[in-house]
Amino acid sequence: MSGLNNLGANGGQPSAGFRVVVSPDSFKGSLSSVEAAEAIRSGVCRAAPDAHVTIVPMADGGEGTVDAVLAAAGGERVTVTVTGPLGEPVEAAYGILSDGRTAVIEMAAASGLPLLSAEARDPMAATTYGTGQLLRDALERGAKRIMIGLGGSATNDGGMGMAQALGVRFLDRTGQEMTGYGCGRLLADIESIDSAGIDPRLASAEVTILSDVTNPLCGSDGASAVYGPQKGATPELVQRLDAGLAHYAARIAAHNGRLVRDVPGAGAAGGLGAGLLAFCNAEMKPGIRVIMELAGFERAVEGARLVITGEGRTDGQTAFGKVPAGIADAARRTGVPVVCLSGGLGEGSDVLYEHGIAALFSIANRPMALDEAMRDAGTLLAEAAENIVRLYRAGMRS
Ligand SMILES: O=C(O)[C@H](O)CO
């Protein structure tokens, strides 16, 4: 089965016995989804040496999307030097699938929050220009289908930088082209848009947005209000960024008639969703669904006793389309219980019970600092998984 890593505890064949599907997101900044899955598997097998564990590395469009899609569909990774979120050069990788015509890009590779230290975060200045350079590189290599994962961004520029890198010009009130990298601060100064010079290869490419969330561009559920603070925005900056995005959406509507402001997912990755809809004729899809389909998740779950998912931090935002919510929605249809192991549980995480998560656990086993929890995430995940399986099996015997 493509993309599935069927590992019996003894390296043996799938058994009809105790089947567990392990399908976590990456634990941002500490473990890739494959590493997290391996850690969970080792805990499961300590508690149940006869277990047959199926690993399905998962992602929702955010960090880890390229890994998850390459694990599911096969292909190769290419690395390019592009402009980072604050204009510095960064090495960013993306995937070209085995058909040679499909590229999978993760915006976070070029414009993601993990590229900046906490002190350097600056959503007014951060740009998606590097993401546009990745799209351009994929077109240069002949890609006809581009999947672009949104999420984990350092940016709040509505995709203005991305559009510039593809040849779109933004003009100010004096009719001059705005030459700085597109960023949150510049949005309010856009007077008109000229997309005559946009890369012509886009016209024959199919661009699919894999969005990690369903937030609209603006307003109280919008990009700036919900995700601005984690990128360093104060309440005052959230208001300026939100007004900037609203102005940008109005300028786009005046330019090409596209109404991107209220589209679910337009607010993903600081509004990059809106920019891709406006300039790349992109189609928006929930990232988790596309990746689950590519990975054959529903087939993997058939006949399983338990699904273990997880992510670095779980809170009310998780329900907007992140991995645990998607996994639970899919597994619910098959009646298999889903347990979520999280690096930390925050406000609103209990909403996941409504999505069908049977139980949520924080993996921290004692009071610990964040850097300690991140450093020891693999060990903590394995311990938590072991305990869950011990409990599950004890329950099965009673
Ligand atoms: O990048 C962001 O803003 C969040 O992950 C939502 O997409």
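You'll find the protein chain entered in an unreviewed UniProt entry as Glycerate kinase, with Paenibacillus hemerocallicola given as the organism. Taken from UniProt, the Sequence similarities (unreviewed entry) comment for the protein chain reads in full: "Belongs to the glycerate kinase type-1 family."

Enquirer: Any chance you could explain the domain arrangement of the protein chain here in plain terms?
Expert: Many structure descriptions define interface size as the accessible area lost when the parts assemble. Each domain of the protein chain was delimited in the assignment, giving domain 1 (19-59 + 296-397) and domain 2 (65-285). One C-alpha centre belongs to domain 1, the other to domain 2; they are set 30 Å apart. On the side of domain 2, eleven residues touch domain 1, which itself brings eight residues to the contact. Here domain 1 is connected to domain 2 by one salt bridge. Between Asp212 and Lys322 there is a salt bridge whose closest N-O contact spans 3.0 Å. Applying the counting rule to domain 1 against domain 2 returns one residue pair in polar contact (both at pLDDT 80 or more). Here the side of domain 1 that touches domain 2 is built from residues that sort into four nonpolar, three polar and one charged.

Enquirer: How should the side chain of Asp25 be read in this particular structure?
Expert: Considering the arrangement of structural elements, one finds Asp25 in the loop between strand 2 (19-22) and helix 1 (33-47). Assessed through its relative accessible area of 1%, Asp25 is described here as buried. At 3.1 Å, the side chain of Asp25 forms a polar contact with the side chain of Lys28. Setting aside residues up to four positions removed in sequence, Asp25 forms contacts with Ser33, Ala36, Met58, Ala59, Asp60, Glu63, Gly310, Glu311 and Val323.

Enquirer: Explain the pattern of salt bridges to me, please; I cannot follow it from the model alone.
Expert: Any two side chains of opposite charge can pair, on the condition that their charged atoms come close. Tallied over the entire structure, the rule returns 23 salt bridges. The shortest N-O distance in the salt bridge between Lys28 and Asp25 comes to 3.1 Å. The partner of Glu386 in a salt bridge is Arg46, with the nearest N and O atoms 2.6 Å apart. Here the residue Glu386 occupies a position in helix 13 (residues 377-397), and Arg46 occupies one in helix 1, the gap between them amounting to 340 residues. Classification of Glu386 as buried rests on a relative accessible area of 14%. We classify Arg46 as partly exposed; its relative accessible area is 43%.

Enquirer: Help me understand the pairing of strand 2, please; the structure alone is not making it clear to me.
Expert: What you see with strand 2 is no split at all: Arg19 and Val21 on one side and Val20 and Val22 on the other are buried throughout. As defined by bridge partners, strand 2 adjoins strand 3 (residues 52-55) across four bridges and the pair is classed as parallel. The residue bridging Val22 from the neighbouring strand is Ile55, located in strand 3. As paired strands, strand 2 and strand 12 (residues 306-311) are joined by three bridges and run parallel to one another.

Enquirer: Explain the site of the ligand here, please?
Expert: In the vicinity of the ligand, the contacting residues are Gly151, Gly152, Ser153, Asp212, Val213, Tyr227, Lys231, Ala268, Ala269, Gly270 and Lys322. One of the backbone N or O atoms of Ala269 is found 2.9 Å from an oxygen atom in the ligand. Isolated, the ligand exposes 230 Å² of accessible area, and the fraction of that covered by the protein chains is 98%. Across the shell around the ligand, the residue classes break down as four nonpolar, four polar and three charged.

Enquirer: How should I be thinking about the sheet that holds strand 10 (residues 206-211) in this particular structure?
Expert: Whether parallel or antiparallel, the strands of a sheet pair through hydrogen bonds between backbone atoms. Read from one edge to the other, the open sheet built from six strands follows the order 4-5-6-7-10-11, with strand pairing classed as mixed. Every interior strand has two partners, whereas the edge strands, strand 4 (75-83) and strand 11 (283-286), have only one. With direction set aside, neighbouring strand axes in the sheet form an average angle of 25°. Across the face of the sheet, helix 4 (residues 129-140) comes into contact with strand 4, strand 5 (89-97), strand 6 (102-106) and strand 7 (145-150) while running at roughly 135° to strand 4.

Enquirer: Hey, could you run me through helix 8 (residues 272-279) in this one?
Expert: Helical geometry: 3.6 residues make up each α-helical turn, so side chains three or four residues apart lie on a common side. For helix 8, a buried count of eight out of eight residues is recorded, marking the element as mostly surrounded by other parts of the structure. A positive phi of about 50° marks Asn281, the residue just after helix 8.

Enquirer: What exactly am I supposed to notice about the nonpolar core here?
Expert: Most often, soluble globular proteins have nonpolar side chains that are buried together. In terms of nonpolar packing, the biggest core is built from 58 residues, with Tyr94, Leu150, Phe170, Tyr248, Leu276 and Phe279 touching the most fellow members. No other element matches the six residues that helix 8 contributes to this core. Setting aside residues up to four positions removed in sequence, Tyr248 forms contacts with Asp157, Gly158, Gly159, Met160, Phe170, Leu187, Ile190, Gly275 and Phe279.

Enquirer: Which parts of the structure should I look at to understand unusual backbone geometry?
Expert: Among all residues except glycine, the phi angle is most often negative; among peptide bonds, the trans geometry is most common. Positive phi outside glycine occurs at Ala269, with the angle close to 50°. Looking at Ala269, the relative accessible area reads 6%, which means it is buried. Of note in the backbone geometry, Asn281 takes a positive phi value of approximately 50° without being a glycine.

Definitions and limits used
Residues numbered from 1 in each chain as written. Predicted model: local features only at pLDDT ≥ 70, side-chain atom pairs only at ≥ 80, totals over all residues. Heavy atoms only, no water. UniProt positions renumbered as here; feature names shortened; annotations may be inferred. Domains from an automatic or database assignment. Contact = heavy atoms within 4.5 Å. Salt bridge = Lys/Arg side-chain N within 4 Å of Asp/Glu carboxyl O. Polar contact = N/O pair within 3.5 Å; in protein donor to acceptor, adjacent residues only side chain to side chain. Nonpolar A, V, L, I, M, F, W, Y, C, P; charged D, E, K, R; others polar. Helix = DSSP H or I, 4+ residues; strand = E, 2+ residues; numbered from the N terminus. Buried < 20%, exposed > 50% of the residue type's maximum accessible area, 1.4 Å probe, protein only. Pairing = 2+ DSSP bridges. Near = heavy atom within 4 Å. Areas by Shrake-Rupley, 256 points an atom, 1.4 Å probe, with all protein chains shown as cover. Axes fitted to C-alpha atoms, helices over the stretch in contact; angles between N-to-C directions. Core = buried A, V, L, I, M, F, W, Y, C linked by side-chain atoms within 4.5 Å.

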